[in-house]
Amino acid sequence: MSDRRFKRGLIEAAVRDNETHGPTPLRSRDEPDAGPVRRSRRVSPWSLLLLPIAAAAALAYLELNRPAPDLPPTAEVDGPVQPPEILFTGPPEAVDVSVFPLPVERIVLDPGHGGSSPGTAAGGLTEKALALDIAYRLRNLLDDRYRVAMTREADMNVALDHRTLIANRAGADVFVSIHVNWLPANRACGVETYYLGPTDDPELSALAERENSEAQGYSLGDLRRLLDGVYAQARQDDSRALATAIQAALFVRLGAENPELRNRGVKSAPFVVLIGAEMPAVLAEVSCLSDAKEVERLRNESYLQSIAEALDAGIRDYAESLLPKAKLSGA
Amino acid sequence: MTTQTTAPPKPPVLKVGIDLGTSRSSISAANGERHMVRSYVGWPRDMVARKVLKRDVLVGIEALEKRPMLDLRRPLERGLIKEGSARDEQAVREIVRRLLELAVPEGRNPRSAIHAVVGVPAETLRVNRQNLRRILDGQVASTMIVSEPFAVAYGLDALVHTMVVDIGAGTTDLCVLMGRFPTENDQRTLTVAGDAVDLNLHARIEERFPDASVSIHMARAWKEKYSFVGGGGPVIVDAPVNGRPTRIDITEPMRTACESLLEPLRETMLDLIARVEPEYQAQVRNNVILTGGSGLIRGLGAALQSALGELGGGRVRVVKDPVFVGSDGGLTLANDVRDEDWLRLAGPRGDQ
């Protein structure tokens with residue numbers, strides 16, 4: 001065997017070894033359609049058995065969710081997102097995600113508040129501006145692999161139910177609402193991530209009340225009906241997993257820059273902005289304007305970039321955690 | 001009307017070899033740049049330190065020198081990235097970032113046009129491969145991770161009937177190359193390495209000179225300068241004793257500490273050789289390559305060669321410039337990997 005062929009064999013083995021243990025290689029941007037890659041997969045006999053059930057479920061789902069003729073056009077991903085007309089969303093249907101183990105492709109980012117709703121404010125900084133800044137940075141980080149849309153790209157009012165509607169219409173796989181918290185005076189600054197669920201904690205109820213203050217178009221009965229329908233669904237598990245990944249990344253990354261940062265954990269609370277989402281959805285309180293030192297950090301662009309990078313890492317961790325499931329289905 | 005757009009020209013691809021060591025890390029780039037940094041990373045302990053240092057993070061010898069003000073990390077200590085330690089992962093990322101900054105002139109080659117072969121201690125490869133890959137994501141377009149001994153052997157073109165003994169700071173890696181990509185069965189990792197010698201030496205000095213004030217960093221520096229096995233010495237150094245600079249003779253502590261490497265090395269070498277097919281054992285015995293920073297301990301090659309006498313004799317060659325032998329080997333390998341293979345190895349952020 002020639003030296004060249006011999007080395008070629010060794011390199012091939014090294015490449016295979018790295019591929020076996022490494023991540024899924026992605027398509028190069030130089031190839032046509034730089035969008036995220038869906039790998040072709042062999043279909044297992046078991047998944048063929050599921051096909052009629054899935055088809056029936058899909059047909060029923062489509063029938064139930066037939067769009068009204070006056071609906072706004074589907075939000076473009078990667079392009080400016082126009083808030084759709086006010087539309088009352090029906091209760092989200094239960095979706096067993098394990099039947100459709102697909103990788104994350106589309107992400108909708110929701111910068112909290114906006115327009116006439118500034119959110120919390122301190123030292124000349126407002127929650128709405130910070131959330132938008134962080135969302136832009138996060139979009140820039142994510143768009144190498146994912147299709148990313150934002151519920152608002154400017155300082156504008158977007159109703160809470162419209163935000164999830166935008167995500168639903170964009171076919172988003174993940175919805176992340178970005179907020180900045182305000183904590184009681186004696187509490188150290190911390191990060192916390194929420195997914196939709198009930199809470200008995202009066203403090204969390206107060207926070208949800210603040211964040212829900214813009215909620216319009218829902219009656220109390222609607223909310224109760226929606227919540228009752230939502231809690232039992234598998235999507236809640238995925239939302240919790242997404243929240244856990246984001247919370248871990250936020251605390252680890254930002255804790256490196258602020259040793260006093262508190263890990264306030266993953267929690268469930270009834271945020272209206274999460275109710276209508278048909279995909280894993282979380283609300284991240286990435287900082288707090290009630291802390292004077294934190295306000296100074298938030299004036300620093302590099303800190304805002306760190307927040308965006310932490311969110312980026314959390315979303316990627318969650319997305320990558322889904323890949324083994326996808327592999328199993330093609331085995 | 002359709003508009004034709006011309007794709008921007010692709011940036012030139014730069015191949016690099018990186019040796020991510022427990023004590024030193026190095027980079028060799030196809031543009032001729034070669035750099036080494038100590039594998040230390042430090043973050044200012046508090047606001048005062050940050051103000052004094054005027055930096056958010058320090059890497060290399062600078063971090064070591066300013067350690068009182070820093071939360072100092074040696075992320076690959078004992079050859080492993082500590083599981084779940086975000087600080088250590090961040091430290092590895094900072095080391096790679098610094099190496100790339102040194103080797104890649106500003107604006108010449110974007111990170112998206114760099115292909116890297118990264119050599120790591122065999123134990124890191126076994127336990128932390130996924131962590132490592134995540135850490136390297138986004139820093140370069142494509143990465144191939146291999147064990148350090150394989151990178152060394154590839155660079156020295158010693159891929160057949162060879163044993164590489166790589167004595168680093170945290171681990172000693174032994175690997176038999178038999179003309180195939182080494183598997184776990186072909187490799188052994190010992191935690192008896194340079195750091196163990198440092199600790200041993202430090203303990204013996206403290207035992208012999210209880211009034212002397214000697215830090216582990218001083219012991220390490222003396223070892224790097226005066227280490228030996230067999231005949232050697234005397235080793236006389238200055239150390240504060242009750243606050244006064246005093247000359248102390250550390251010849252025996254040095255000899256004993258360095259010779260603590262011999263027995264585990266001898267046992268593991270003989271075990272690995274015994275597993276080679278009988279007809280090739282003599283060739284492997286006569287083709288032992290000793291490398292790594294601690295491979296330069298005076299007399300160590302001769303002592304190991306003597307140990308091979310139990311099996312009928314052998315020959316040990318010592319790599320004289322171990323600092324870059326791993327990264328040079330990685331670069332040689334990187335240059336031989338075909339473009340289509342680099343595409344297969346592209347990470348999530350690779351856009352080459």
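Just so we're clear, the structure is a prediction, and the values are computed from it rather than from any experiment.

**Q** Help me understand helix α12 (residues 322-336) of chain B in this model?
**A** Owing to its 3.6 residues per turn, the α-helix brings residues three or four apart onto one side. With 15 residues, α12 of chain B should reach 21 Å at 1.5 Å per residue; the first-to-last C-alpha distance of 22 Å fits that figure. Looking at the buried side of α12 of chain B, the elements it contacts are β1 (14-20), β2 (24-29), β3 (34-38), β7 (114-120), α5 (148-155) and β14 (288-291) of chain B.

**Q** Would you explain the nonpolar core in this entry?
**A** In globular proteins that are soluble, nonpolar side chains generally tend to be buried together. Val 16, Ile 95 and Val 165 of chain B are the most contacted members of the largest nonpolar core, which totals 90 residues. Broken down by element, the residue count for this core peaks at seven residues, all from helix α3 (residues 86-103) of chain B. If sequence neighbours within four positions are ignored, Val 16 of chain B has contacts with Ile 27, Ser 28, Ala 29, Ala 30, Ala 103, Ile 114, Ala 116, Leu 331 and Ala 334 of chain B. Leu 138, Val 191, Ile 246 and Val 273 of chain A belong to the second-largest nonpolar core, a separate cluster that totals 69 residues.

**Q** Any chance you could explain the sheet that holds β2 of chain B here in plain terms?
**A** Two strands in a sheet stick together by hydrogen bonds in their backbones, pointing the same way (parallel) or opposite ways (antiparallel). Residue and element names in this part refer to chain B. Taken together, five strands build an open sheet; the order of strands is β3-β2-β1-β7-β8 and the sheet is mixed. Two strands close off the open sheet at either side, each with one partner strand: β3 and β8 (142-147). Within this sheet the neighbouring strands show an average axis-to-axis angle of 15 degrees, counted without direction. Against the sheet, α5 touches β1, β7 and β8, its axis set at about 95 degrees to β8.

**Q** What's the story with the pairing of strand β1 (residues 106-111) of chain A in this structure? I'm lost.
**A** Side-chain direction in a regular strand flips from residue to residue, so the side chains alternate between the two faces of the sheet. Residues and elements named next belong to chain A. Counting buried residues along β1, six of its six residues qualify, which places the element largely inside the surrounding structure. Side chains of β1 alternate between two faces, with Arg 106, Val 108 and Asp 110 and Ile 107, Leu 109 and Pro 111 buried alike. Bridge count for β1 against strand β4 (residues 147-150) is four bridges, and the pairing is parallel. Considered in β4, the bridge of Leu 109 is made with Met 150. Two strands pair when backbone bridges link them, and β1 and strand β5 (residues 174-181) are joined in this way by five bridges, in the parallel orientation. Counterpart to Asp 110 in the pairing with β5 is Ser 177.

**Q** Any chance you could explain the pairing of β2 of chain B here in plain terms?
**A** Residues and elements named next belong to chain B. The buried fraction of β2 amounts to six of the six residues, a majority that puts the element mostly inside the structure. Of the two faces of β2, both are covered, the one formed by Arg 24, Ser 26 and Ser 28 as well as the one formed by Ser 25, Ile 27 and Ala 29. By the bridge criterion, five bridges tie β1 to β2 in an arrangement that is antiparallel. Note that in β2 the partner of Val 16 across the bridge is Ala 29. Here β1 folds back onto β2 in antiparallel fashion, the turn holding three residues.

Reading the values: rules and limits
Residues numbered from 1 in each chain as written. Chains lettered and ligands numbered in written order. Predicted model: local features only at pLDDT ≥ 70, side-chain atom pairs only at ≥ 80, totals over all residues. Helix = DSSP H or I, 4+ residues; strand = E, 2+ residues; numbered from the N terminus. Expected span 1.5 Å × (residues − 1). Contact = placed C-beta atoms within 7 Å. Core = buried A, V, L, I, M, F, W, Y, C linked by C-beta atoms within 7 Å. Buried ≥ 20, exposed ≤ 12 C-beta atoms within 10 Å, placed from the backbone. Pairing = 2+ DSSP bridges. Axes fitted to C-alpha atoms, helices over the stretch in contact; angles between N-to-C directions.

Such coordinate-based values are descriptive only and should not be taken to indicate function.
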